[in-house]
Number of protein chains: 4
Amino acid sequence: MIRAGIIGATGYAGGELARLLLQRDDVEIKWFGSKSYTGQDYTSVYQNMYQLTDAVCRSDDMEQMAEEVDVIFTATPQGLCASLVNEEILSKAKVIDLSADFRIKDVSVYEQWYQLKHAAPELIQEAVYGLPEINREKIKSARLIANPGCYPTCTFLSVYPLAKEGLIDLSTLIVDAKSGTSGAGRGAKTANLYCEVNESIKAYGVASHRHTPEIEEQLSYAAGKPVTINFTPHLVPMDRGILVTAYASLTENAKKLSAEGIKEIYHQYYKEERFVRVLKDDTCPETRWVKGSNFVDVNIKIDSRTNRAVIMGAMDNMVKGAAGQAIQNMNLMFGLPEDRGLRLAPMFP
Amino acid sequence: MIRAGIIGATGYAGGELARLLLQRDDVEIKWFGSKSYTGQDYTSVYQNMYQLTDAVCRSDDMEQMAEEVDVIFTATPQGLCASLVNEEILSKAKVIDLSADFRIKDVSVYEQWYQLKHAAPELIQEAVYGLPEINREKIKSARLIANPGCYPTCTFLSVYPLAKEGLIDLSTLIVDAKSGTSGAGRGAKTANLYCEVNESIKAYGVASHRHTPEIEEQLSYAAGKPVTINFTPHLVPMDRGILVTAYASLTENAKKLSAEGIKEIYHQYYKEERFVRVLKDDTCPETRWVKGSNFVDVNIKIDSRTNRAVIMGAMDNMVKGAAGQAIQNMNLMFGLPEDRGLRLAPMFP
Amino acid sequence: MIRAGIIGATGYAGGELARLLLQRDDVEIKWFGSKSYTGQDYTSVYQNMYQLTDAVCRSDDMEQMAEEVDVIFTATPQGLCASLVNEEILSKAKVIDLSADFRIKDVSVYEQWYQLKHAAPELIQEAVYGLPEINREKIKSARLIANPGCYPTCTFLSVYPLAKEGLIDLSTLIVDAKSGTSGAGRGAKTANLYCEVNESIKAYGVASHRHTPEIEEQLSYAAGKPVTINFTPHLVPMDRGILVTAYASLTENAKKLSAEGIKEIYHQYYKEERFVRVLKDDTCPETRWVKGSNFVDVNIKIDSRTNRAVIMGAMDNMVKGAAGQAIQNMNLMFGLPEDRGLRLAPMFP
Amino acid sequence: MIRAGIIGATGYAGGELARLLLQRDDVEIKWFGSKSYTGQDYTSVYQNMYQLTDAVCRSDDMEQMAEEVDVIFTATPQGLCASLVNEEILSKAKVIDLSADFRIKDVSVYEQWYQLKHAAPELIQEAVYGLPEINREKIKSARLIANPGCYPTCTFLSVYPLAKEGLIDLSTLIVDAKSGTSGAGRGAKTANLYCEVNESIKAYGVASHRHTPEIEEQLSYAAGKPVTINFTPHLVPMDRGILVTAYASLTENAKKLSAEGIKEIYHQYYKEERFVRVLKDDTCPETRWVKGSNFVDVNIKIDSRTNRAVIMGAMDNMVKGAAGQAIQNMNLMFGLPEDRGLRLAPMFP
């Protein structure tokens, strides 16, 4: 039995973690951490869990938590995990951080984009970027996981084969992403009220969203050189789901291949990956087909008029974009089948 | 391994059955029946199942299906199951009918409300009304299950303890119900287009909805006398969920009890029922807290100003109101734990 | 030119008032009051008004406002208007209060349901309940209007002919109402976040909602005797719209009439009313057909099985339920055509 | 009094035309054409218009219509207008075609993208592309208007100043657009059912959408040379609204300018345009702020990291993207103030 603790258990990502872990027989959530609701029944916050747990929310004392659990998930605002974690904690419990604190290797880049002083820069190098499809082996032996951001996960898995094979000119890459509103978190802000979000769509964080350097860093590893991109997220009136539509010019190498040839590379890259589904023919990914699951659906369309690839990916931001991926990482870290607790058929409608 | 067949596998209820059964290790779907999509890949219709099955849709030949499977689910329009099922089929396979064909014992009532000639009246008496919380033992030995309607399930489980204990005057019972749009089915009708349903609410089938006699029949068994009610369903701009708000005058017996005393009766009735959750204090059921699960959440409020009980129930119409309840019945019929494959924590948001 | 001031101009009802008044040539909004946004551009809050006004938000100083305007609208939380208004203000400007402060004649009833000490009880008797279809003449000469609540407006206009004619037993009246989320206001509360409201429906304020005594009081005037009812509002995932479904037993007088005869009474009552539309035949009101307009659509269905009337009304809670009705009252108070600025065709979809 | 006829009056764009025209005193709709509903009350289809008209739907006999009206709007599928219109009709009535039949000057391009034989190629040259902000003078004297597509209107007005001034490299232009579901029309298709659209987002028509050549043609006029672009539309779960996010590399000329300098060009281009609002500072357009109005809100963001412009535009696809623009054209053609009937403040929420 794996004993787990969640800091930030009453946010949306924390709630999804709790929901997925509570359905497992081999994991016990020992600690539901929630600064806002300390002392209250967890099910008074998330009534869906009523009768599935009788836990009471506790503080975010990570040191004490490390005494009681084997793995700690931090589903908290940027900066908190870095301010709490330390060597002693890591010597007792594995830590999977769903915030951005350990995703970016260059601390100055982190501090510039996040406008925060990093509280534990000495741990950045050790942290493993928890994208199992890329870093599976490193994850297995990691103590500290930087669970990837939702947009970066969907973008990177969609673009990776082309980037790795040098088939697109990454200096032309433009990522236009669309997200459901759960990605905005559970904070009580006017901008996230029902009537403000419903029946509207908008871009936000244009040319300044903090997932930009994370995407760039991962793409630069794939490409073997620095990458600078345009990334524009949009807010969509739906609960869950991320759709990425990305555009890039084909390289000369790519132009020698047929559209089928390029598609075949996707099949080769992902044929062993349970959670990446390369769609048939010209089927476009749609977020409805992945809701509640750990899948990323990807496809590409080669536009022969413009010699560009249009690359598309769809994903549930709460699952593969947050809690599901964190559990995938936990499974790897504990030597379990990677898909345990994640064999979830998407729910439709 | 239970071999299952679904007639109507490309409707919403059929799709939910497929989704839930495909996640089980002890059931194999041998036959995805779909008149509209015969010969096409099932996942070309329900892309969420991509890579989870490679089944091709087949006809609705129930006789052939009975040769190949142990249990047949019919998730089809009224009249179809009755027109196909017969003694020989029942001798080979168990049948769980999600349509209304075998729910109503008095065939003349069925024919009047449904405006259909019943094609198999000789099987009506044998059919068991598949509400496990009430008819558990009969279900275990049944060959033919009339899986309850969505509104009747939610209404009946919400009202049952009061009806059974004689605490409300059933002649005053008014049931005002609200349903998500998946209940309207997947047929291509203008009235169910996105722009017609979105941003609106309406009543429909006022004083004429066909679930009325089904609710009345079940309530009359509980009360030991005929019951006539008002039942008004409403269409709500959401995918899933049914909320029932019912009103009835308290009887003299009830007035002798405190509100807590009446609530305690609910706890007594449902304390062993995994899928009925009696909420705490004055917490109102909300459909968001049961989405994707087999739960019915119920609560009551005694209004001392009017001496009425306000009775509320919330449920996922696709799960406890259709596919989940059908699987609950299947589990009972095959001697399996009743909740196998149904230990689903509600998904939020 | 009528000079108008709005206290609470950055709430939803205040925003709707501004939107409707800004489209008129004969009204000038001189004062956009907003405690939260004082000093900020109005269009920084409501970007829809960009380039339509360059107003800056001001305080809620009603005394100063009365010096500058002819009519003051208060679209504010309960208690504020009563705490600000006084004889001197009323001597200078007409006041239309969209809160509940002056709707209930019995101050003790107000104080009990609203849990507030009334700050200006001496003005309650003078205030006119601003439902033009009932109190048109009194409104014309009023200084202080209690603009009706959204639920009471829709309920009362739907039920009124039956109540007035003694065709229903008001002791059996049950009002089940459903509202869009704009009715919950623009305050930043977790419960009103997009992901909390979307894809769900719930009852709230069961047996305790503060519009209950307002409905009861108005019905008692129509019936000529005290009325006690059950009223249950529900929150629906849509921006605008209220649907009322009400149930009552027919009196002996009503049973002598045919359904058509009862319907004819509705036509008689409302034939001169521009904003009340009695629908044809069995057409059910739907909120989509009134969105953005000042209409209330009503219809009834007589259920001969239960001898009850099912009474339905649909309305835009922001227009006829708030800002539109306030303007209708303003028009009457200033001797203008009652429908000026309100000849709005409902927007669909 | 202008007498108007609408062919396709029961589609969404036709309904919006009817709604806007019915609110005018100087226009009378003499003919509500609807092939599907001929002979039925118009308000039985669009209940929002109940009591605002008692019209009965008529056929799409354009010849007869031309005898009875001054202006004909065709809000119909591609190909119909071209098959009906002729010199005689144009000699009697002005025609404003909301379909694509006369938007593209090169008939072979039209026939290739629309997969239709053009039935009236001889009229293409005469037809004026009805974008008043560009072709105002030509519109005034036109007999036949090709009312622009929704995506092209929003895209072109957003990009125009940069294209015209040579500030972006149009060969790098990528247009990622998002539309509400009313754009998909009122046909009864499974793909447009509530449960299929709700809670999802998808791209469609990737590298093949028929608005692509229309955008390219208009941009090529602005740029003075041929333009080839990527255009990707997406379907968003909302009724109304289009958001365009476009990306293009800055030219050397542009790099010499500051971001403010480029923005200033927008202000210059649109300072006299009532319906194009250049937003302040970095405010992003959002579709909620233009709903129900004829506005296009635009803004740009210069990304100095990539030397690209991110260009954004938001618009109501039913108004400026269809019916509103058609009325704007009508006003010009009849010598009326261009904004008559279109001084609509956007409705929020």
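### Focus: the relation of the copies chain A and chain D
Of the transformation superimposing chain A on chain D, the axial component is 0.0 Å and the angular component is 180°, with the fit at an RMSD of 0.0 Å. Both chain copies can therefore be described as sitting about a two-fold axis. Across chain A, the rotation axis passes nearest the C-alpha of Pro 237 of chain A, at a separation of 3.3 Å. A share of 100% of the interface residues of chain A reappears at the interface of chain D, consistent with the copies meeting face to face through the same patch.

### Observations regarding unusual backbone geometry
Going from Phe 348 of chain B to Pro 349 of chain B, the amide bond is cis rather than trans, its omega being -10°. Relative to the helices and strands, Pro 349 of chain B is located in the segment after helix H13 (319–333). The backbone of Glu 199 of chain A shows a phi angle near 60°, a positive value even though the residue is not glycine. Tracing the sequence through the fold places Glu 199 of chain A in the loop between helix H9 (194–197) and strand E8 (202–203). A residue is classified by how much of its surface remains accessible, and Glu 199 of chain A, at 3% relative accessible area, is buried.

### Some thoughts on the sheet that holds strand E10 (residues 242–249) of chain C
What holds strands together in a sheet is hydrogen bonding between their backbones, with the strands either parallel or antiparallel. Pairing within the open sheet is mixed, and its seven strands lie in the order E8-E9-E7-E10-E13-E12-E11 (chain C). Of all strands in the sheet, those bounded by a partner on one side alone are strand E8 (202–203) and strand E11 (276–278) of chain C.

### Observations regarding the pairing of strand E7 (residues 174–179) of chain D
Residue and element names in this part refer to chain D. In terms of burial, E7 is a largely internal element, six of the six residues being buried. Here E7 shows no split at all, with Ile 174, Asp 176 and Lys 178 on one side and Val 175, Ala 177 and Ser 179 on the other all buried. Pairing between E7 and strand E9 (residues 230–235): six bridges, direction parallel. Residue Ser 179 lies in a different strand from E9, and its bridge partner there is Leu 235. In this structure, E7 lies alongside strand E10 (residues 242–249), joined through six bridges in antiparallel fashion. Looking at E10, one finds that Ser 179 is bridged to Ile 242.

### Here's the deal with the side chain of Glu 214 of chain C
Here Glu 214 of chain C shows up in helix H10 (residues 211–223). With residues up to four places along the chain from it excluded, the contact list for Glu 214 of chain C reads Arg 103, Ile 104, Tyr 129, Pro 148, Gly 149 and Pro 152 of chain C.

### Overview of the nonpolar core
Ranked by internal contacts, the top residues of the largest apolar core, which has 110 residues, are Leu 21 and Phe 73 of chain A together with Leu 21 and Phe 73 of chain C. Within the second largest apolar cluster, 98 residues are counted, among which are Ala 326 and Met 333 of chain B together with Leu 21 and Cys 57 of chain D.

### What to know about the interface of chain A and chain D
Contacts between the two partners involve 47 residues from chain A and, on the opposite side, 47 residues from chain D. Where chain A abuts chain D, roughly 4,100 Å² becomes buried across the two surfaces, and 55% of that area is made up of carbon and sulfur atoms. Viewed at the interface, chain D and chain A are joined by six salt bridges. Notably, a salt bridge pairs Lys 178 of chain A with Asp 176 of chain D, separated by 3.1 Å at the nearest N-O pair. Here chain A is connected to chain D by 31 residue pairs in polar contact (both at pLDDT 80 or more). For the side of chain A that touches chain D, the secondary-structure elements that each account for two or more residues are strand E7 (174–179), H9, E8, helix H10 (211–223), strand E9 (230–235), strand E10 (242–249), strand E12 (296–303) and strand E13 (308–315) of chain A. For the side of chain A that touches chain D, the element with the highest residue contribution is E7 of chain A, accounting for four residues. Residues belonging to the side of chain A that touches chain D are distributed by class as follows: 21 nonpolar, eleven polar and 15 charged.

### Some thoughts on the interface of chain B and chain C
Across the boundary between the two partners, chain B contributes 47 residues, which contact 47 residues of chain C. At the boundary of chain B with chain C, total buried surface from both sides reaches about 4,100 Å², with 55% on carbon and sulfur atoms. Of all residues in chain B, Glu 199, Ile 201 and Arg 305 of chain B give up the largest surface area on contact with chain C, accounting jointly for 17% of the area buried on that side. Counting the contacts that link chain B with chain C gives six salt bridges. When the shortest N-O distance is used, the salt bridge between Arg 288 of chain C and Glu 196 of chain B registers 2.5 Å. Every element with two or more residues in the side of chain B that touches chain C is listed here: strand E7 (174–179), helix H9 (194–197), strand E8 (202–203), helix H10 (212–223), strand E9 (230–235), strand E10 (242–249), strand E12 (296–303) and strand E13 (308–315) of chain B. When residues in the side of chain B that touches chain C are grouped by element, the largest group, four residues, is from E7 of chain B. Within the side of chain B that touches chain C, the residues separate by chemical class into 21 nonpolar, eleven polar and 15 charged.

### Some details on the pattern of salt bridges
Residues and elements named next belong to chain A. The final tally for this structure, using the stated rule, is 116 salt bridges over all chains. The salt bridge partner of Arg 274 is Asp 339, with a shortest N-O separation of 3.3 Å. A residue pair is termed long-range when its members are at least 10 positions apart, and Arg 274 in the loop between helix H12 (259–270) and strand E11 (276–278) and Asp 339 in the segment after helix H13 (319–333) qualify at 65 residues. The exposure class of Arg 274 is partly exposed, given its relative accessible area of 35%. Overall, Asp 339 belongs to the buried group, its relative accessible area being 16%. Taken together, the shared-partner salt bridges in this structure form one network comprising Glu 16, Arg 19, Arg 240 and Asp 316.

### Description of the sheet that holds strand E13 (residues 308–315) of chain D
Pairing is mixed in the open sheet, where seven strands are placed in the order E8-E9-E7-E10-E13-E12-E11 (chain D). A strand with exactly one partner marks an edge of an open sheet, and here the two such strands are strand E8 (202–203) and strand E11 (276–278) of chain D.

### Some points on the packing of helix H8 (residues 150–164) of chain C against H10 of chain C
Residues and elements named next belong to chain C. Two numbers describe how H8 lies on H10: the axes approach to 10 Å, and their chain directions differ by 25°. Here H8 lies roughly parallel to H10, going by the angle between them. Crossing handedness for the pair H8 and H10: right-handed. Here Cys 150, Tyr 151, Pro 152, Thr 155, Phe 156, Val 159, Tyr 160, Ala 163 and Lys 164 of H8 come into contact with H10, specifically with His 211, Glu 214, Ile 215, Gln 218, Leu 219, Ala 222 and Ala 223.

### A closer look at the environment of Ile 215 of chain A
All names here are of chain A. Mapped onto the elements, Ile 215 comes out in helix H10. Take Ile 215: its relative accessible area is 2%, and that puts it in the buried class. The sequence separation of Ile 215 and Tyr 151 amounts to 64 residues, and the corresponding C-alpha distance is 8.1 Å. Excluding residues within four positions of it along the chain, Ile 215 makes contact with Pro 152, Thr 155, Ile 229 and Phe 231.

### Observations regarding helix H6 (residues 107–114) of chain C
The periodicity of an α-helix, 3.6 residues per turn, causes residues three or four places apart in sequence to face the same way. Residue and element names in this part refer to chain C. Buried within H6 are the following residues: Tyr 110, Trp 113 and Tyr 114. When H6 is viewed along its axis, its buried side chains cluster within an angular range of 85° and face the same direction. Contacts from the buried residues of H6 go to H10. Phi for Gln 115, located one or two positions after H6, is positive at around 55°.

What counts as what
- One numbering rule holds for all chains: residues counted from 1, following each sequence as written.
- Whichever chain is written first becomes A and whichever ligand is written first becomes 1, with later ones labelled in order.
- Per-residue local features of the predicted model are confined to residues with pLDDT of at least 70, and side-chain atom pairs are confined, for both listing and counting, to 80 or more; whole-chain, interface and lining totals are unaffected and use all residues.
- By convention in this description, side-chain values take in all heavy atoms of the structure and omit both hydrogens and water.
- The least-squares superposition of copies is restricted to C-alpha atoms, and to residues with a pLDDT of at least 70 in both copies.
- By definition in these notes, contact holds between two residues if any of their heavy atoms fall within 4.5 Å.
- Runs of H or I in DSSP of at least four residues are treated as helices and runs of E of at least two as strands, each being numbered from the N terminus.
- For every residue, the accessible area (1.4 Å probe, protein chains only) is compared with the maximum for its type, and the residue is labelled buried under 20%, exposed over 50%, or partly exposed between those bounds.
- Following DSSP output, two strands are said to pair if at least two bridges run between them.
- Residue types Ala, Val, Leu, Ile, Met, Phe, Trp, Tyr and Cys, when buried and joined through side-chain atoms within 4.5 Å, form a set referred to as a nonpolar core.
- Buried area is a sum: the accessible area each of two parts loses on coming together, probed at 1.4 Å, counted once for each and added.
- By salt bridge we mean one thing: a side-chain nitrogen of Lys or Arg within 4 Å of a carboxyl oxygen of Asp or Glu.
- Polar contacts, as counted here, are pairs of nitrogen or oxygen atoms within 3.5 Å of one another; within protein the pair requires one atom able to donate a hydrogen and one able to accept it, and residues that are adjacent in sequence qualify only if both atoms are side-chain atoms.
- For this classification, Asp, Glu, Lys and Arg are treated as charged, while Ala, Val, Leu, Ile, Met, Phe, Trp, Tyr, Cys and Pro are nonpolar and the rest, including Gly, are polar.
- A fitted line through C-alpha atoms represents every axis, and for helices the fit uses only the stretch in contact; the resulting angles, taken between N-to-C directions, go from 0 to 180 degrees.
- By the definition adopted for this analysis, an angle is roughly parallel if under 35 degrees, roughly antiparallel if over 145, roughly perpendicular if from 65 to 115, and oblique otherwise.
- In this scheme the handedness of a crossing depends on how the near helix is turned from the far one: anticlockwise by less than a right angle means left-handed, clockwise means right-handed.
- The arc in question is traced by the directions running from the helix axis to the C-beta atoms.

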